[in-house]
Amino acid sequence: MKSFSFPPIAPEKAKILILGTMPGTKSLELNQYYGHNQNNFWKFMFTILNEDFSTDYETKKELLVKNNLALWDVLQFCDRVGSLDSAIKNEIANDFEHFLEKHSHISTILFNGQKAAAFFKKYVHLKKTYQLITLPSTSPANAGKSFQSKLEEWSIIKTL
């Protein structure tokens, strides 16, 4: 199945860019970042940013904008059956050169899982130095760590 990423959620003064790999099947179906209800991304964001959780997608996007967080995916396009990153083939990366020029306040890039970091390092060559941090995947497929353990690692957002 051919998959395309969503446009970024990127406030003008974003300081942190959070990168996933590519939207999964449920996210593509809903046309929402992290649309699978078992993915912990939005639960983490609301908890870390001390806001009451909402299932409303516009509220979720506003939470990021209000906190100067940008969200995008490393890949613009790929072939993939299902939602597992290990099934990605024929991938093409997003245009980070232009994105990062336009969003010059970004100083930190957080990766939602090892695969996002690996694809970024494979395809993206940065002209400037950024703090790069790989965090545990928020995907329900990443069952190797507890919710609490992953939340603690993601809480680094508060210190950046």
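No experiment lies behind these values; they were computed from the predicted model shown.

Caption draft 1: Fine view of the sheet that holds strand S5 (residues 89–93). Spatial ordering of the open sheet is given by S1-S4-S5, a layout of three strands whose pairing is antiparallel. The two strands at the open ends of the sheet, each matched to only one other strand, are strand S1 (2–4) and S5. Strand-to-strand twist across the sheet, computed as the mean angle between neighbouring axes with direction ignored, equals 10 degrees. Both S1 and strand S4 (residues 75–79) contribute to a ladder of three bridges, which runs antiparallel. Paired with serine 3 across the bridge in S4 is cysteine 78.

Caption draft 2: Spatial organisation of the packing of aromatic side chains. Here the structure, examined in full by the defined rule, presents 15 aromatic pairs. Pairing phenylalanine 4 with phenylalanine 77 gives two aromatic rings, centres 5.1 Å apart and planes at 55 degrees, and the pair type is tilted. Of the two residues, phenylalanine 4 sits in strand S1 while phenylalanine 77 sits in strand S4, which places them 73 residues apart along the sequence. Classification of phenylalanine 77 as buried rests on a relative accessible area of 14%. Summarising the aromatic geometry, the rings of tryptophan 42 and tyrosine 57 are spaced 6.3 Å apart at their centres and angled 90 degrees between planes, so their arrangement reads as edge-to-face. On the criterion of sequence distance, the pair formed by tryptophan 42 in helix H2 (residues 41–48) and tyrosine 57 in helix H3 (residues 57–66) is long-range, its members being 15 residues apart. On the basis of relative accessibility, which here comes to 13%, the residue tyrosine 57 falls in the buried class. Among the aromatic side chains, those forming a connected cluster through ring pairs are Phe6, Tyr33, Tyr34, Phe41, Trp42, Phe44, Tyr57, Phe147 and Trp154.

Reading the values: the criteria
One numbering rule holds for all chains: residues counted from 1, following each sequence as written. In keeping with the predicted nature of the model, local features appear solely for residues at pLDDT of at least 70, side-chain atom pairs appear and are counted solely at 80 or more, and the whole-chain, interface and lining totals rest on all residues. The side-chain numbers reported here are obtained from all heavy atoms of the structure, hydrogens and water having been left aside. Following DSSP output, two strands are said to pair if at least two bridges run between them. Helix numbering and strand numbering both begin at the N terminus, where a helix is a DSSP run of H or I of at least 4 residues and a strand a DSSP run of E of at least 2. An axis is simply a line fitted to the C-alpha atoms; with a helix, the fit covers only the stretch in contact. Between two such axes, the angle follows the N-to-C directions and lies from 0 to 180 degrees. Note on aromatic pairs: the rings of Phe, Tyr and Trp (six-membered ring only in Trp) are paired at centre separations within 6.5 Å, and the planes decide the class, stacked below 30 degrees, edge-to-face beyond 60, tilted for the rest. Any residue under 20% of the maximum accessible area for its type is buried, any over 50% is exposed, and the rest in between are partly exposed; the area is computed with a 1.4 Å probe on protein chains only.

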